[in-house]
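Residue-level structural notes
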Amino acid sequence: MSITATSLVFLLAALSYLLFSSPPKPHFHTLFLSASFSDNASIALNLRTLTRRPHVAGSEANAEAAAFVRSAFASSSLKTHLVSYQVSLTYPLHRSLVLTPNESSKNQITFALEQEHVVGDNNNPYAKEVTPTFHGYAKSGNVSGPAVYANYGRVQDFAALNVSGAVVVARYGEIYRGDIVRNAYSAGAVGVVIYTDKRDYGGGGGDECFPVSKWMPPSGVQVGSVYNGLGDPTTPGWASVDGCERLSEEAVELSGDSPLIPSLPISAADAEVILKSIVGDVAHGDVYPVGPGPGILNLSYIGKTVIAQIENVIGVIEGEEEPDRYVILGNHRDAWSFGAVDPNSGTAVLLEIAQRLDKLHRRGWKPRRTIILCNWDAEEYALIGSTEWVEENREMLASRAVAYLNIDCAVSGPGFRASATPQLDELIKQAAREVQDPDNSTQTIYDSWVGSSNSGVIGRLGDLTSDYAAFVQHVGVPAADMRFGGGYPVYHSMYDDFTWMEKFGDPMFQRHVAMASVLGLVALRLADEEVLPFNYVSYASELMKSAEDLEKEKLDHSIDVSPLIKSIQDLCTAAQGIHIEKEGVKGALKVRKLNDRLMMAERALTDRDGLSGRPWYKHLVYGPAKYDDYGSKSFPGIDDAIDNAKRLKTEVSWGLVQHEIWRVSRAVRHASLVLKGVLR
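Quick look at the structure, then. (Residues numbered from 1 in each chain as written. Predicted model: local features only at pLDDT ≥ 70, side-chain atom pairs only at ≥ 80, totals over all residues. Heavy atoms only, no water.)

**Quick word on unusual backbone geometry**
Rule in force here: Secondary structure elements follow DSSP: runs of H or I no shorter than four residues count as helices, runs of E no shorter than two count as strands, and numbering proceeds from the N terminus. Three exposure classes are used, based on accessible area relative to the maximum for each residue type with a 1.4 Å probe and protein chains only: buried under 20%, partly exposed in between, and exposed over 50%.
Residue P211 is bonded to the preceding F210 through a cis peptide linkage, with omega at 15 degrees. With omega at 10 degrees, the peptide bond leading from D342 into P343 counts as cis. Relative to the assigned elements, P343 resides in the loop between strand 10 (322-332) and helix 10 (344-362). In this model, S77 sits at a positive phi of 65 degrees, which is unusual for a non-glycine residue. Of note, S77 is situated in the loop between helix 4 (60-75) and strand 1 (79-100). A relative accessible area of 45% places S77 in the partly exposed class. You will see that H492, though not glycine, has its phi angle at about 60 degrees, which is positive.

**Considerations on the packing of aromatic side chains**
Aromatic ring pairs are defined here through the distance separating the ring centres and the angle between the ring planes. Put simply, the rule reads: Pairing of aromatic side chains here covers Phe, Tyr and the six-membered ring of Trp, requires ring centres within 6.5 Å, and sorts the geometry by plane angle: under 30 degrees stacked, over 60 edge-to-face, intermediate tilted.
In total, this model carries 24 aromatic pairs according to the counting rule given. Relative to F504, the ring of F210 has its centre 6.2 Å away and its plane inclined at 70 degrees; by these criteria the two rings are edge-to-face. On the criterion of sequence distance, the pair formed by F210 in the loop between helix 7 (198-201) and strand 7 (224-225) and F504 in helix 17 (residues 498-505) is long-range, its members being 294 residues apart. Residue F210 is classed as buried on the basis of its relative accessible area of 4%. With centroids separated by 4.0 Å and ring planes inclined at 5 degrees, the aromatic side chains of Y404 and F471 adopt a geometry described as stacked.

**Side note on a negative patch on the surface**
Here is the rule: Exposure above 30% relative accessible area and the lack of any salt bridge qualify a residue for a patch; like charges then connect within 9 Å, and the nonpolar side chains Val, Leu, Ile, Met, Phe, Trp and Tyr within 5 Å. Only the protein chains shown count as covering a residue, and every accessible area follows the Shrake-Rupley method with a 1.4 Å probe. Here, a salt bridge means any side-chain nitrogen of Lys or Arg that lies within 4 Å of a carboxyl oxygen of Asp or Glu. In this tally, Lys and Arg are treated as positive and Asp and Glu as negative; His is ignored, and so are the chain termini. By convention, charge coordinates are those of NZ in Lys, CZ in Arg, CG in Asp, or CD in Glu.
Taken together, E548, D549, E551, E553, D560 and D643 make up a surface patch of like negative charges. For the negative patch, the element with the most residues is helix 19 (residues 536-552), which contributes 3 residues. On the basis of relative accessible area, E551 is assigned to the partly exposed category, the value being 45%.

**Here's the deal with the packing of helix 2 (residues 25-33) against helix 18 (residues 510-528)**
Stated formally: Lines fitted to C-alpha atoms define the axes here, with helix axes fitted over just the stretch in contact, and angles between the N-to-C directions of these axes take values from 0 to 180 degrees. The labels follow the angle: roughly parallel below 35 degrees, roughly antiparallel above 145, roughly perpendicular from 65 to 115, and oblique for the rest. Take the far helix as the reference: if the near one is turned anticlockwise from it by less than a right angle, the crossing is left-handed, and if turned clockwise, right-handed. Contacts are assigned to residue pairs that have any heavy atoms within 4.5 Å of one another. Gly is put with the polar residues, along with every residue not named as nonpolar or charged; the nonpolar set is Ala, Val, Leu, Ile, Met, Phe, Trp, Tyr, Cys and Pro, and the charged set is Asp, Glu, Lys and Arg.
Put simply, helix 2 and helix 18 touch, their axes get as near as 10 Å, and they point 165 degrees apart. Compared by their axis directions, helix 2 and helix 18 come out roughly antiparallel. In terms of crossing hand, the pair formed by helix 2 and helix 18 is right-handed. In this structure, helix 2 contributes K25, H29, F32 and L33 to the contact, and helix 18 contributes A516, S517, G520, L521, L524, R525 and D528. When its residues are assigned to classes, the contact of helix 2 with helix 18 shows 5 nonpolar, 3 polar and 3 charged.

**A short note on the environment of S612**
Mapped onto the elements of the fold, S612 is located in the loop between helix 21 (588-600) and strand 17 (622-625). As for S612 and G243, which are separated by 369 residues in sequence, their C-alpha atoms are 31 Å apart. Beyond its immediate sequence surroundings of up to four residues, S612 is in contact with E660 and R663.

**Some points on the state of the cysteines**
Selection rule: Disulfides are defined as cysteine sulfur pairs within 2.5 Å.
Tallied over the full model, the rule gives 0 disulfides. The cysteine C409 is free of any disulfide, with C374 supplying the nearest cysteine sulfur at 18 Å.

**Quick word on the side chain of Q86**
The residue Q86 is located in strand 1 in this model. Leaving out residues up to four positions away in the same chain, Q86 has contacts with D232, S240, D242, R246, I307, A308 and Q309.

**With respect to the nonpolar core**
To be explicit about the condition: Put simply, a nonpolar core is a bunch of buried Ala, Val, Leu, Ile, Met, Phe, Trp, Tyr and Cys residues held in one set by side-chain atoms that sit within 4.5 Å of each other.
Counting residues in hydrophobic clusters, the biggest one holds 210 residues, and the most contacted among them are W389 and L564. Filtering out sequence-adjacent residues up to four positions away, W389 remains in contact with V83, Y85, N312, I314, I328, C374, W376, L397 and F471.

**Comments concerning the packing of helix 3 (residues 40-50) against helix 10**
One way to put it is that helix 3 packs onto helix 10 with a least axis distance of 9 Å and a crossing angle of 135 degrees. Classified by the interaxial angle, the pair formed by helix 3 and helix 10 is oblique. The crossing of helix 3 and helix 10 is right-handed. Contacts from S42, I43, N46, L47 and L50 of helix 3 reach helix 10 at N344, S345, T347, A348, L351, E352 and Q355. Residue classes in the contact of helix 3 with helix 10 are distributed as 5 nonpolar, 6 polar and 1 charged.

Right, here's the structure in full:
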């Protein structure tokens, strides 16, 4: 039998396809999870390198860490570049805290305000480089007043206290420290000291603490920012590029986000001395809000404000078929001290993902969509690096970003946790089903997760805890955040070092490996699947629960929640429709159009005017609670209006509640129209 030339061409083409074409994408996804691709030793080495020195934003050590990350990205074949911003940062020049036990006393106690330098590595040679304990963006000042203990510093904690002219003592643990300072100022205080209570962070007051156990030593001090906004305070809403417009220091103070009274962080040991001057013996049992006095505190703080350069490190793997669609992974690099958990466990995971993607690329994999890895700077001050980048690239991100995946404190202990915008819920659960639990080889992460105390519950992203905030709340990009472990005792202290991680957080670094697997698999599916794996049925169900909870509040005053419920019902119908449509869509153009609808529906939940009184926050479904930046609220604008109406008790204020309900209803309806993909 003879073979024609045409037949031979077809035969050779078929053989060439079989021999040289890339395997299907799921093959690479399985390979990504294989043991041969993971490297816990490399993760440990990277984390040790990143945490060798304290590296607060704006420091030489943090610039060195940026160079290390950029080199690691380049070694993993990513196209890398630095994006620099000139931003306002603060550092301490002078701090003092003096206690006079009572007005007639001639004896004074001057606190050293220092953490013990004998840490995990025993006289760590770089401990002397730790910045003296302070609050980022704290107001400078010298104030005196009777000491008042205000528990966690929440609004309700001040309700029964007289703090006018007082220096408030509050423990960290329930709300953001900046809100503690703001609440104290609103109540009439002249200054604030914040400490980490041994009941929350010291193992209940037992004798053993780090480095013997995981608990915060009595001398440990948790530092952190007290600014209540996002991004560079001098460039609200626009990027801090060289030569840009800036607000004056006076204008920043009048913005409403800067603290208006001085504050200092102190240790549990120092706080105990102060509390004894108010209530006597505090060794046993709870201490309830009490004061003022008789102890008198003099708090003095002087800070310096500088315009410093920060550097985001960006690595790119360009998509083969849809290079103009971006799947973005991000983690911040800067730390208040050594930062083994926060944030460099996340940095080590990000570098592990980069290495695995490089291994896939060497075996023929190319992503359908562009994958961008971002290592942010100055997150600790006010989520600055990510916020400036989002503000600078807002229009591009609004039209091209598929999703943002955040990893911050990647590992602080056992137990998987996730938060996300709801269309990503099922994708996260599916990925968790495919990765072995690092603490139980007989189960997947999903099995252990649903059997844990949080029963597989996925949180939401309305708070200002990490770098997803600008993506979700300013632009409306679908996002997720994942971690192993929850709060940990040495948070934001100098004891959050490599030794703490090696002894208590993740001794074998298998949790880091597992986190890289789950986060990386979610990213791969978002980057590679022809139809985006979004499920808006989950979203509609979540919103309906929130609307029903609102309805149960029995607001009276003729408040009608039915417009919101009706709009969510329409969203559910649209979500079910596009879910069915996804199953049978064919053709590149039709797939592209359907994916655009899935991608843009989240954007429709934003409003150009933003939240009332807080216009930077554009998302009407997920945003921060007004009196707690760590708190996440569904329908934050409605919640703000209800709080205001309950305080003012006027018909006008209750009318604004109804207006906010209508605003959210319109946004949800817009999302429904986007999912349907038709003009009315």
